[in-house]
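Chains, contacts and geometry: an overview
Below, each chain spelled out in residue letters.
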Amino acid sequence: MSLESLYQEIILDHYKNPHHKELHAPYAIEVHHNNPSCGDEVTLRLSLNGDSIGQVSWSGVGCSISQASTSIMSDLVTGKTMSEALELERIFLELMQSKGNFSGDVEVLEDAVALSGVAKYPARVKCALLGWMAFRDAALRAGSS
Ligand code: ZN
């Protein structure tokens, strides 16, 4: 199996069986983000556990890239400290802005490296970033409250 088809498999798997895709209560912050160019929407709830990300839960509609990326993100940031989670978001953003020149470090980004190919398609980058931007927004609001 080629790396490309392995990555497609990972994305499809997260799309069909998304992780943390059920809004939970109680929560500290809820945000809603959308990507009008594709019609993707994500509502994300965040609760903190001290200085760590307690629970990320979400609901959403949209293309496979947006939904899979949000599923992958929610796995990655759960249980991380706030600064670790925001650092992951920064690394993922850098990968998405690389125009396909980086492949991403699987040790750091885990399943999110499967989205590295999206960076070659500017129109789809917003899809991949939607959930991550929602998370960043929620985390920054939660951190400042
Ligand atoms: Zn999309």
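Just so it is clear, the structure is predicted and the values come from calculations on it, not from any experiment.

Digging into the overall build of the protein
- Counting its secondary structure elements, the protein contains 5 helices and 3 strands.
- Sequence-ordered secondary structure for the protein, helices as α and strands as β, is α-β-β-β-α-α-α-α.
- Taking 15 Å as the expected radius of gyration for a compact globule of 145 residues, we find that the protein reaches 14 Å, a close match to that expectation.
- Relative to its full complement of 145 residues, the protein shows a buried share of 43%.

Description of the sheet that holds strand E1 (residues 29-35)
- Spatial ordering of the open sheet is given by E1-E2-E3, a layout of 3 strands whose pairing is antiparallel. Both outer strands of the open sheet, E1 and strand E3 (52-61), are each paired with one neighbouring strand and no more. Sheet twist, expressed as the mean angle between neighbouring strand axes with direction ignored, is 20°.
- As defined by bridge partners, E1 adjoins strand E2 (residues 40-49) across 7 bridges and the pair is classed as antiparallel.

Regarding the coordination of the zinc ion
- Looking at the zinc ion, the protein donor atoms are Cys38 (SG), Asp40 (OD), Asp40 (OD), Cys63 (SG) and Cys127 (SG), and they sit 2.1 to 2.7 Å from it.
- Of note, the donors binding the zinc ion are all from one chain and are spaced C-x1-D-x22-C-x63-C. Linking cysteine 38 in the loop between E1 and E2 with cysteine 127 in helix H5 (residues 122-144), this pair joins segments that are 89 residues apart in sequence.

Rules behind the numbers
Residues numbered from 1 in each chain as written. Predicted model: local features only at pLDDT ≥ 70, side-chain atom pairs only at ≥ 80, totals over all residues. Heavy atoms only, no water. Helix = DSSP H or I, 4+ residues; strand = E, 2+ residues; numbered from the N terminus. Rg over C-alpha atoms; globule rule 2.2 N^0.38 Å. Buried < 20%, exposed > 50% of the residue type's maximum accessible area, 1.4 Å probe, protein only. Pairing = 2+ DSSP bridges. Axes fitted to C-alpha atoms, helices over the stretch in contact; angles between N-to-C directions. Donors = N, O, S within 2.8 Å, 3.2 Å for Na, K, Ca; no water.

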